[in-house]
Amino acid sequence: MLKENFNDLIYLVMVARERSFTRAAAKLGVSQSALSHSIRGLEERLNTRLLTRTTRSVASTEAGERLIQSVAPMITEIEKALQDLADNQENPSGNIRITAGEHALSSTLWPLLKPFLQRYPDVNVELSIDNALTDIVSGRFDAGVRLGESIEKDMVAVRIGPDWKMAIVATPDYFAEHGVPQTPYELQNYRCINMRLPTLGGLYHWEFSKDGKAIRVKVEGQLVFNTLSARIDAALSGMGVSCVPEDSVRTYIEQGKLQSVLQDWCEPFTGYYLYYPSRKQHTAAFSKLIDAVRYQG
């Protein structure tokens, strides 16, 4: 009886996590019919409906949620104990899920991850590119990457990259035709390539600072994007002025394809951090990853 209930509880927690019999069955390595039969048997023994099923979704009932909240932490502890036994400090294994913005991934995280993954071939890393301020707990991520100023105070933050700054760029031909702005306020008279903020839904107000004075400028233009690569391509195409991380366009500036202006208004700021819940108990793989990405500068 105990063994039967325990297996069924594991199945229940997995379906609740995935909110899908299909995904839960795939992760558990069982058929959907076996999974459904197992949970139906648990409901019959308890004489209580635990899940509400529709053709499109699965959700916990109130009774099911209470049961899941009670047993899920214990199952997690058991999983961790088994993982710790399986982990070898010289050859860690396991899965790590990380969410990061487009620029954070390309400029900082990915260059650090490549040698880490080559050194530890049994560690699997899933990277989700998301420019929003993702809730890593509800999203079931092990960690996220963002600027230090945006990290919640209940998270542990580990710096992983150097300071960097933004650059205001357009093609030399564009500035030859329209003139070079001398102050950020003049950008309001230029055709600018805007960025849509994924979290709030508004347009990004370009931020500048000089000699301790910080200003934000609302610019206008024909184009709005929500990805960095598109804003760079639009600038290279002569479509206007773009505000992008300097390192992402440094090669184009050196090649003369883009021209950078207002450099004295683009002061550097603190770089990216890897962050994770303070209550998180680390696997050997995650501990090794933290050591590998920690900024040494």
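See above for the structure.
## Some remarks on the overall build of the chain
Moving on, step 1. A tally of regular secondary structure across the chain gives 9 helices and 14 strands.
Moving on, step 2. A compact globule built from 297 residues should have a C-alpha radius of gyration of about 19 Å, whereas the chain, at 25 Å, is more than 25% larger.
Moving on, step 3. Taken along the three principal axes of its C-alpha coordinates, the chain extends 80 × 45 × 30 Å.
Moving on, step 4. A burial count over the chain gives 39% of its 297 residues as buried.

## What to know about unusual backbone geometry
Moving on, step 1. You will see that Arg140, though not glycine, has its phi angle at about 60°, which is positive.
Moving on, step 2. Residue class for Arg140 comes out partly exposed when judged on its relative accessible area of 48%.
Moving on, step 3. Even without glycine at this site, Asp211 takes up a positive phi of about 55°.
Moving on, step 4. Checked against the element boundaries, Asp211 lands in the loop between strand S9 (206–210) and strand S10 (213–217).

## A word on the pairing of strand S5 (residues 143–147)
It is a general feature of regular strands that their side chains alternate between the two faces of the sheet.
Moving on, step 1. In terms of burial, S5 is a largely internal element, 5 of the 5 residues being buried.
Moving on, step 2. Where strand S3 (residues 94–100) lies against S5, 3 bridges are found, and the strand directions are parallel. Within the sheet, the bridge partner assigned to Ala100 lies in S5 and is Val145.
Moving on, step 3. Two elements, S5 and strand S14 (residues 272–277), share 4 bridges in a ladder whose sense is antiparallel. Its bridge partner being in S14, Gly144 is matched across the sheet by Tyr275.

## Notes on the sheet that holds strand S6 (residues 155–159)
Moving on, step 1. The strand order S4-S3-S5-S14-S6 describes an open sheet built from 5 strands, whose pairing is mixed. At either end of the open sheet lies a strand with only one pairing partner, and these are strand S4 (123–129) and S6. Each neighbouring strand pair of the sheet contributes to a mean axis angle of 30°, computed without reference to strand direction.
Moving on, step 2. Sitting on the sheet, helix H5 (residues 102–119) is in contact with S3, S4, S5 and S14, with an inclination near 175° to S4.
Moving on, step 3. Where helix H9 (residues 284–293) meets the sheet, it contacts S3, S4, S5, S6 and S14, and its direction lies at approximately 160° from that of S14.

## A few points about the nonpolar core
Moving on, step 1. In this structure, Trp206, Phe208 and Val241 are the most contacted members of the largest nonpolar core, which totals 44 residues.
Moving on, step 2. For Phe208, the residues in contact, after removing those within four places along its chain, are Ile168, Pro184, Leu187, Lys213, Ala214, Ile215, Val217, Leu262, Trp265 and Cys266.

## So, the packing of aromatic side chains
Moving on, step 1. Within this structure, the stated rule accounts for 5 aromatic pairs.
Moving on, step 2. Seen from their ring centres, Tyr174 and Phe175 are 6.1 Å apart, and the 75° between their planes marks the pair as edge-to-face. For the pair formed by Tyr174 and Phe175, the shared burial category is buried.
Moving on, step 3. Aromatic pair Tyr276 and Phe286: ring centres 5.3 Å apart, planes at 90°, arrangement edge-to-face. On the criterion of sequence distance, the pair formed by Tyr276 in strand S14 and Phe286 in helix H9 is long-range, its members being 10 residues apart.
Moving on, step 4. Given a relative accessible area of 7%, Tyr276 falls into the buried group.
Moving on, step 5. Since its relative accessible area comes to 2%, Phe286 is described here as buried.
Moving on, step 6. An aromatic cluster is built from Trp164, Phe269 and Tyr272, whose rings are joined through pairwise contacts.

## Concerning the sheet that holds strand S12 (residues 241–245)
Moving on, step 1. Spatially, S11-S8-S12-S7-S13 is the arrangement adopted by the 5 strands of the open sheet, whose pairing is mixed. The sheet is open, and its two borders are formed by strand S11 (223–225) and strand S13 (259–261), each paired with just one other strand. Each neighbouring strand pair of the sheet contributes to a mean axis angle of 40°, computed without reference to strand direction.

## What to know about the pattern of salt bridges
Moving on, step 1. The tally for this structure, following the rule as stated, stands at 9 salt bridges.
Moving on, step 2. Of the charged contacts, one joins Arg45 and Asp8 as a salt bridge, the two residues approaching to 2.4 Å between their closest N and O atoms. Of this pair, Arg45 sits in helix H3 (residues 32–46) while Asp8 sits in helix H1 (residues 2–18), placing them 37 residues apart in sequence.
Moving on, step 3. Judged by relative accessible area, Arg45 falls into the partly exposed class, the value being 31%.
Moving on, step 4. Of the charged contacts in the structure, one is a salt bridge between Glu126 and Arg97, with a shortest N-O distance of 3.2 Å.

Conventions used here
- Residues numbered from 1 in each chain as written.
- Predicted model: local features only at pLDDT ≥ 70, side-chain atom pairs only at ≥ 80, totals over all residues.
- Heavy atoms only, no water.
- Helix = DSSP H or I, 4+ residues; strand = E, 2+ residues; numbered from the N terminus.
- Rg over C-alpha atoms; globule rule 2.2 N^0.38 Å.
- Buried < 20%, exposed > 50% of the residue type's maximum accessible area, 1.4 Å probe, protein only.
- Pairing = 2+ DSSP bridges.
- Axes fitted to C-alpha atoms, helices over the stretch in contact; angles between N-to-C directions.
- Contact = heavy atoms within 4.5 Å.
- Core = buried A, V, L, I, M, F, W, Y, C linked by side-chain atoms within 4.5 Å.
- Phe/Tyr/Trp six-rings, centres within 6.5 Å; stacked < 30°, edge-to-face > 60°.
- Salt bridge = Lys/Arg side-chain N within 4 Å of Asp/Glu carboxyl O.

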